[in-house]
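Examination of the molecular architecture
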Amino acid sequence: MKAGTDLAQIASLVGDPARANMLAALMGGTALTASELAMEAGVTLPTASAHLAKLSDGGLLRMTRQGRHRYYALAGHQVAGMLESIMGVAAELGPRKVLPGPRDTAMREARICYDHLAGEAGVAMFDAFAGRGLIAIDGDDLNLTIKGAAFFSDFGLDIEAMRGKRRPVCRSCLDWSVRRSHLAGSLGAGVLDRFMALHWVRREKNSRVIRFTPPGRTAFETLLREA
């Protein structure tokens, strides 16, 4: 089997408009039912079930049962990273759209990308961490520095636990709205979790939008200045 065959198979799974809408809905990191995903895709429930079966068989989704319900989620961080990268390419090369409305503005400002902060806030945070030497950029590689490990430990993150995971501690992720990198990996997820624990941010219901509380916005800006 040629290597291109697998690429074509994955591309065909993502390339269907209904399936693409389902995958985009799952980028919020929340598991959804077939009925919810059918609404996101604008298709009937039987059609959605057929699409979900193909995505699951293709390794892009995982399904869990809870009572009578089946919940679907992205299979993992690799799938989320692939989708975010595709969104970035689509934003760069796709047709120009009309000016987005207020909801799109909120998505550009701050949103969740699977489990980490994206949008203008995420890019600003990435730039601040890199500029202060907390993370080191070497081409496509991203590494946590000694200074960064101390800083994030003081911020309340368990860096040693992150290093024990198979997932990269820090990874750059192309932001499709800003078209620059934001912080992903265990560190990116841990930072957003910490923001939520400190009540600096909250997630808008039924949306990927992340809202900063007024005190949280001040604390976030201070963090970027003093990082």
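The following paragraphs examine the structure supplied in this document. Note that the structure is a prediction, hence the values are computed from the model and not measured.

Here we come to the environment of alanine 25. For alanine 25, the position within the fold is in helix H2 (residues 17-25). For the pair alanine 25 and alanine 73, spaced 48 residues apart in sequence, the C-alpha separation works out to 9.6 Å.

The next thing to look at is the layout of surface pockets. Estimates place the volume of the second largest pocket at around 220 Å³. In terms of lining residues, the second largest pocket is bounded by Gly59, Ala75, Gly76, His77, Gln78, Val79, Gly81, Arg166, Arg167, Pro168, Arg171 and Gly185. Here the lining of the second largest pocket gets four residues from one element, more than from any other, and that element is helix H5 (residues 77-93). Considered class by class, the residues forming the lining of the second largest pocket number three nonpolar, six polar and three charged.

Here helix H3 (residues 34-41) crosses helix H4 (residues 45-57) at 100 degrees, and the two axes come no closer than 9 Å. The orientation of H3 relative to H4 falls into the category roughly perpendicular. Together, Ala34, Ser35, Leu37 and Ala38 of H3 and Leu45, Ala48 and Leu52 of H4 make up the contact between the two elements.

Turning next to H4. Along its 13 residues, H4 runs 18 Å from first to last C-alpha, staying within 8% of the 18 Å computed at 1.5 Å per residue. Of all the positions in H4, only Ala48, His51, Leu52 and Leu55 are classed as buried. Across the axial projection of H4, the buried residues extend over an arc of 100 degrees, all falling on one side. Exposed and oriented more than 90 degrees from the buried face of H4 are Pro46 and Asp57. A positive phi of about 85 degrees marks glycine 59, the residue just after H4.

Okay, the sheet that holds strand S2 (residues 61-66) next. In spatial order, the strands read S1-S3-S2; together these three strands make up an open sheet with antiparallel pairing. At either end of the open sheet lies a strand with only one pairing partner, and these are strand S1 (32-33) and S2. Across six bridges, S2 lies against strand S3 (residues 69-74) in antiparallel orientation. Along S3, the bridge assignment pairs glutamine 66 with histidine 69.

Reading the values: rules and limits
Residues numbered from 1 in each chain as written. Predicted model: local features only at pLDDT ≥ 70, side-chain atom pairs only at ≥ 80, totals over all residues. Heavy atoms only, no water. Helix = DSSP H or I, 4+ residues; strand = E, 2+ residues; numbered from the N terminus. 1 Å grid on protein atoms, 1.4 Å probe; cavity = no way out; pocket = protein on both sides within 12 Å on 5 of 7 lines; lining within 4 Å. Points joined across faces, edges and corners; volume = space filled by probe spheres on them. Nonpolar A, V, L, I, M, F, W, Y, C, P; charged D, E, K, R; others polar. Axes fitted to C-alpha atoms, helices over the stretch in contact; angles between N-to-C directions. Parallel < 35°, antiparallel > 145°, perpendicular 65-115°, else oblique. Contact = heavy atoms within 4.5 Å. Expected span 1.5 Å × (residues − 1). Buried < 20%, exposed > 50% of the residue type's maximum accessible area, 1.4 Å probe, protein only. Arc of directions from axis to C-beta. Pairing = 2+ DSSP bridges.

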